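# Tertiary structure, described
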Amino acid sequence: MQTSSKLENFQRNVASKFHIYNSVFITLPFDAIDNTGVLLPLFTEICETGFKNRWTPLQTIQAFRSKYLTDATDQELHDLLFRFIQYVERQIVLFDAVEDAAFAKVNPMEGRGSLREMIERAETKDKKAALTHFLKHFKVRTVLTAHPTQFYPGSVLGIITDLTEAIREDDLLKIKQLLAQLGKTPFIKKQKPTPYDEATSLIWYLEHVFYHTTSSVLSTLQKNVLEGQELENCLLNLGFWPGGDRDGNPFVTANITLQVADRLRQAIVRCYYADIRKLKRKLTFKSVDRLVADLEFKLYQSLYHAEENNALNIDHFHAVLGEIAGILQKDHQSLYLEDVLVLSQKMRVFGLHFATLDIRQNSQVHEKVFAGVFDAFSKKGAIAADASKDWALDSLLNIAEKPIQPVDFGDPLIQSTLESILAMRHIQSVNGEMGCNRYIISNNETSRDVLEIYTLFQLCGWHEPTVDFVPLFESVNDLQEAATVMEALYNDPKYSDHLGRRNRRQTVMLGFSDGTKDGGYLMANWSIFKAKESITSMSRQYGIEVIFFDGRGGPPARGGGKTHKFYASLGSTIENNEIQLTIQGQTISSNFGTLDSCRWNLENLISAGAQNDVFLKEKNNLTTSEKAILDEMAQIGYEAYTAFKARPEFLPYLEHMSTLPYYALTNIGSRPAKRNAGSSLDFAALRAIPFVGSWSQLKQNVPGFFGVGSALDYFEQQGRWHEVQKLYHRSLFFRTLLENSMMALAKSFFPLTAYMEQDPEFGSFWQLIHNEYELSKKWLLKLADHEELMENYPDGKASVALREQIVKPLLAIQQYALFQLAAIRRNEQDKKDEEVYKKLVTRSLFGNTNASRNSA
């Protein structure tokens, strides 16, 4: 699709419709909304003037007040600001719905990155056989995580779904009703959700989107590539973290894990039951009707009489569906055969688990638990007082007379960890091995971090656990040492035996979010690339197939952006038989929230794998000199970012000038905003979501660009610009890396905080950030030969621009509240409205985040 037609498509199907339906929203009969709807555009106009003239937020509010609210009290002013927030929140919902409804029209569903384009390309280049082989071995796993950045409660998500459908059908009456419902529906969650609540919310997407889309994608491939043969390889599968991610979340217990696993099983059985009932209405023929009725009865019993222990056997279902298919082919001219094959395919993919529930815990917790178990054996006299814990790793199993149990220990940490292990085993017995067969060790620094938890599994009596132990490397230093750690693990005899039982396959997780927080954008991304290369090379020497699992968030700073392009660019030096990645927060609803968007993004991931493996594998490889350039750039960016973090203003700036302290006040997730319980701000304990999100709220997006400008400027000053230019044009990896940084720049808006330049405490710090922004923008535009940021993505650029325009009043209100709170902190203003200002910050945080869709 041409650039101009992309933009025209967006303007016609999104921008124009939004403005039309927004005008309808203004006319709806809400209390005081008439006044709000009239005043909001006037307020926006004043804000624009304030941004242009570098007014303080207080000056902007005072200018609006003096012109339009001359007799208003402070309370009346604040009440209006809250109404502005409520109004804009609903405008954002409307825009989301309009954009979702137009997804298939704005995006080329059968263009570049689609299955159709991939298949046609294979046929043109005589690579059909290679593509067939690829599809029989390649896998994509999308893992829905418990990291919330989506602020909509379930009731609002339901309205968005219905509104999207009404807009798609141009049903004006229904649209007006839904907008009226939206105006009366609260957006604020009064209580934090439990981990079970989070799981329930995400299971909705599994049932209503992934269940149907996954089957549709696989059916397309079977028809057009495999010539009707069933794809036995589970090309697409799902992972699930809510209810299993215990890292820093004390509310995730073994009981919660079991409840979520049960809910996942119920959800998939419910899906099967709905399908089998539809099939029963079609298969009314002799000899098959009885078989279908029997399957329906078994599913019904499992759903509604679970207490009678009606165990389901997925293999039995496959066998019966196979028998039905055979009868249809032999006696009934294959009538409705495809419906039977599609259901059989779904059961092959989803089993009784729907999505694999991952368990995750921090290595430091395991260390404490292992030490506690070691001490317990010491007190019993089973271990010599001077025995080392390294000795214990090898010998505890021989000493233990029977499997250890949670009740054997008084420490709640030991009890809960052992209970998680036992819960995994129980889930496998009910939902199958795929129900819960991965244990992720976050903050993994040594091979011992893996061996400790592996030994605990064995001490619990699970001597040959059907579990994959997945080390997660996050910091720059840990990424650089990852290959050494993995080699030590491979050389451990006990663990080597375990890998033998797991088909010589090892999954390694790499964290983009904490890597960027630790080392900056360039260093984090390049360190992950190099870690993958070194782990791949070393694993191949040991005959082990390594699988990389990427911990990605929404924005470029957390591994988001044009993700599929990264996977298309890896080359032959990085193992790429599987693409595994986390889908977090807003990215779930924005990229996988509808049937169209989910299909589009799944197809892009499959196509990216094919592009790297089938079409461009060797061409994607970086040369030694290109790697040297990236090494140099990453180091320069790292030094710039490290110096920036070392500034004494760094943490105080985030604490006093951003929304960082207010994330803990929002009821969006069950997990605490920090890993520790202390009141002081500890950078190491700070989670990536509030860190990245706070920069996004400031419209500064530091984690997505800081250090990029410095690195590019160095090469320009050294007369080596041509080296960077050549690398940009030749390497898809490097080009995508910098294009994502351009997206972070495009979502920045420094006029919002330009007043900070005059701040006596933080003025020079703000200027430092702004200088790096301008430097990054200048050299990235030159490198891409563009006049404007995101010039080659006009529809994406237009979407960002319209969203940012809608949200500017919220940004101004938020800055006003932060400005007043800063004045109170400096004793320049009394505290009578302090709680009001805090509430304004928190409430505006919701809308700003939802508008960005991938801000954290």
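Before any of the text, the structure's been laid out above.
Below, the structure is looked at part by part. Small disclaimer: the values here were computed from a predicted structure and weren't measured.

The rules we used
Residues numbered from 1 in each chain as written. Predicted model: local features only at pLDDT ≥ 70, side-chain atom pairs only at ≥ 80, totals over all residues. Heavy atoms only, no water. Helix = DSSP H or I, 4+ residues; strand = E, 2+ residues; numbered from the N terminus. Rg over C-alpha atoms; globule rule 2.2 N^0.38 Å. Buried < 20%, exposed > 50% of the residue type's maximum accessible area, 1.4 Å probe, protein only. Contact = heavy atoms within 4.5 Å. Areas by Shrake-Rupley, 256 points an atom, 1.4 Å probe, with all protein chains shown as cover. Lys, Arg positive; Asp, Glu negative; His and termini not counted. Charge placed at Lys NZ, Arg CZ, Asp CG, Glu CD. Phe/Tyr/Trp six-rings, centres within 6.5 Å; stacked < 30°, edge-to-face > 60°. Pairing = 2+ DSSP bridges. Right-handed = clockwise from strand over helix to strand, strands pointing away. Salt bridge = Lys/Arg side-chain N within 4 Å of Asp/Glu carboxyl O. Polar contact = N/O pair within 3.5 Å; in protein donor to acceptor, adjacent residues only side chain to side chain. Core = buried A, V, L, I, M, F, W, Y, C linked by side-chain atoms within 4.5 Å. Expected span 1.5 Å × (residues − 1). Axes fitted to C-alpha atoms, helices over the stretch in contact; angles between N-to-C directions. Left-handed = near helix turned anticlockwise from the far one by under 90°. Nonpolar A, V, L, I, M, F, W, Y, C, P; charged D, E, K, R; others polar. Disulfide = S-S within 2.5 Å.

## With respect to the overall build of the chain
Tallying secondary structure elements over the chain gives 34 helices and nine strands in all. At 28 Å, the chain has a C-alpha radius of gyration in line with the 29 Å of a compact globule built from 856 residues. Taking the principal axes of the C-alpha coordinates as reference, the chain spans close to 80 × 75 × 60 Å. For the chain, buried positions account for 61% of its 856 residues. By sequence separation, contacts in the chain at least 24 residues apart represent 81% of the contacts at least 6 residues apart. Carbon and sulfur atoms provide 50% of the accessible area of the chain, an area that totals close to 33,500 Å². Of the charged side chains in the chain, 94 are positive and 103 negative; the average position of the first set lies 3 Å away from that of the second.

## Focus: the packing of aromatic side chains
Applying the stated criterion across every chain, the model contains 46 aromatic pairs. With centroids separated by 5.6 Å and ring planes inclined at 90 degrees, the aromatic side chains of Y439 and F457 adopt a geometry described as edge-to-face. Of the two residues, Y439 sits in strand 5 (residues 438–442) while F457 sits in helix 18 (residues 447–459), which places them 18 residues apart along the sequence. Of the two residues, Y439 and F457, both sit in the buried class. Taking 5.8 Å as the distance between ring centres and 90 degrees as the angle between the ring planes, the aromatic pair formed by Y816 and Y837 counts as edge-to-face. In this pair, Y816 is assigned in helix 33 (residues 794–825) and Y837 in helix 34 (residues 834–852), connecting sequence segments 21 residues apart. On the basis of relative accessible area, Y816 is assigned to the buried category, the value being 4%. Assessed through its relative accessible area of 3%, Y837 is described here as buried.

## As for the pairing of strand 6 (residues 468–473)
In terms of burial, strand 6 is a largely internal element, six of the six residues being buried. Every second residue of strand 6 is oriented toward a common face, with D468, V470 and L472 on one face and F469, P471 and F473 on the other, all of them buried. Pairing analysis gives four bridges linking strand 5 to strand 6, with the strands arranged parallel. Looking at strand 6, one finds that I440 is bridged to V470. Between strand 5 and its parallel partner strand 6, the chain crosses via helix 18, and the hand of that crossover is right-handed. In terms of strand pairing, strand 6 meets strand 7 (residues 505–511) through two bridges, oriented parallel. Residue pairing for strand 7: L472 is matched across the bridge by M509.

## Some words on the pattern of salt bridges
In the structure shown here, the tally under the stated rule is 48 salt bridges. When the shortest N-O distance is used, the salt bridge between D247 and R360 registers 3.7 Å. On the criterion of sequence distance, the pair formed by D247 in the loop between strand 2 (236–240) and helix 11 (254–282) and R360 in strand 4 (residues 359–362) is long-range, its members being 113 residues apart. Residue R360 is classed as buried on the basis of its relative accessible area, which comes to 5%. Its salt-bridge partner being R730, residue E626 comes within 2.5 Å of it at the nearest N-O pair. Note that E626 is positioned in helix 26 (residues 624–646) and R730 in helix 30 (residues 721–730), a separation of 104 residues in sequence. For E626, a relative accessible area of 7% corresponds to the buried category.

## Structural notes on the sheet that holds strand 2
Within the open sheet, the nine strands sit side by side as 3-2-1-9-8-7-6-5-4. Their pairing is parallel. Strand pairing shows two members of the sheet lacking a second neighbour, strand 3 (356–357) and strand 4, which therefore form its edges. Here strand 7 pairs with strand 8 (residues 545–551) via seven bridges, running parallel. From the neighbouring strand, T507 faces strand 8, where its bridge partner is I547.

## Let's talk about the environment of N601
Tracing the chain through its elements places N601 in helix 25 (residues 595–615). Placed 132 residues apart in sequence, N601 and F733 show a C-alpha to C-alpha distance of 19 Å. Dropping the residues within four chain positions of it, N601 is found in contact with N591 and F592. Among the polar contacts made by the side chain of N601, one reaches the main-chain carbonyl oxygen of N591 at a distance of 2.7 Å.

## Comments concerning the nonpolar core
In this structure, L206, F240, I324, F469, Y653 and W695 are the most contacted members of the largest nonpolar core, which totals 196 residues. Per element, the largest residue contribution to this core is twelve residues, and it comes from helix 11. Leave out the neighbours within four places in its chain, and L206 touches L144, Y211, L238, F240, L264, F354 and A355. Ranked by size, the runner-up nonpolar core spans 68 residues in total, among them Y21, I160, Y662 and Y816.

## What to know about the side chain of T257
Structurally, T257 can be placed in helix 11. From its side chain, T257 meets the backbone oxygen of G243 in a polar contact 2.7 Å long. Setting aside chain neighbours within four positions, we find T257 in contact with G243, G244, V252, L357, I359 and I427.

## Comments concerning helix 4 (residues 74–101)
Over its 28 residues, helix 4 extends 41 Å from the first C-alpha to the last, a length consistent with the 40 Å expected when each residue adds 1.5 Å. Burial analysis of helix 4 places 22 of its 28 residues in the buried class, the great majority of the element.

## Some thoughts on unusual backbone geometry
Of note in this structure, N503 is not a glycine but carries a positive phi near 65 degrees. The topology assignment puts N503 in the loop between helix 20 (493–501) and strand 7. One non-glycine residue, R504, lies in the positive phi region at around 55 degrees. Considering the arrangement of structural elements, one finds R504 in the loop between helix 20 and strand 7. For R504, a relative accessible area of 28% translates into the label partly exposed.

## Here we look at the packing of helix 10 (residues 195–224) against helix 14 (residues 337–350)
Packing of helix 10 against helix 14 brings their axes to within 10 Å, and their N-to-C directions diverge by 115 degrees. Remark: the crossing between helix 10 and helix 14 carries right-handed chirality. Between helix 10, through F210, Y211, T214, S215, L218, S219, Q222 and K223, and helix 14, the contact on the second element is made entirely by E338, V342, L343, Q345, K346, V349 and F350. Classifying every residue of the contact of helix 10 with helix 14 gives seven nonpolar, five polar and three charged.

## Re the side chain of R438
Its place among the elements puts R438 in strand 5. Only 2.9 Å separates the side chain of R438 from the side chain of D358, close enough to count as a polar contact. Setting aside residues no more than four positions away along its own chain, R438 makes contact with R141, V143, D358, I359, M424, V467, D468, V470, T507, F549 and Q580.

## Description of the environment of L459
Considering the arrangement of structural elements, one finds L459 in helix 18. Sequence spacing of L459 and T161 is 298 residues, and the spatial spacing of their C-alpha atoms is 48 Å. For L459, the contacting residues outside a window of four places in its chain are V373, L396, L397, A400, P403 and I404.

## Some remarks on the state of the cysteines
Counting across every chain of the model gives zero disulfides. Considering cysteine sulfurs only, C436 is the nearest to C460, which forms no disulfide, with 14 Å between them.

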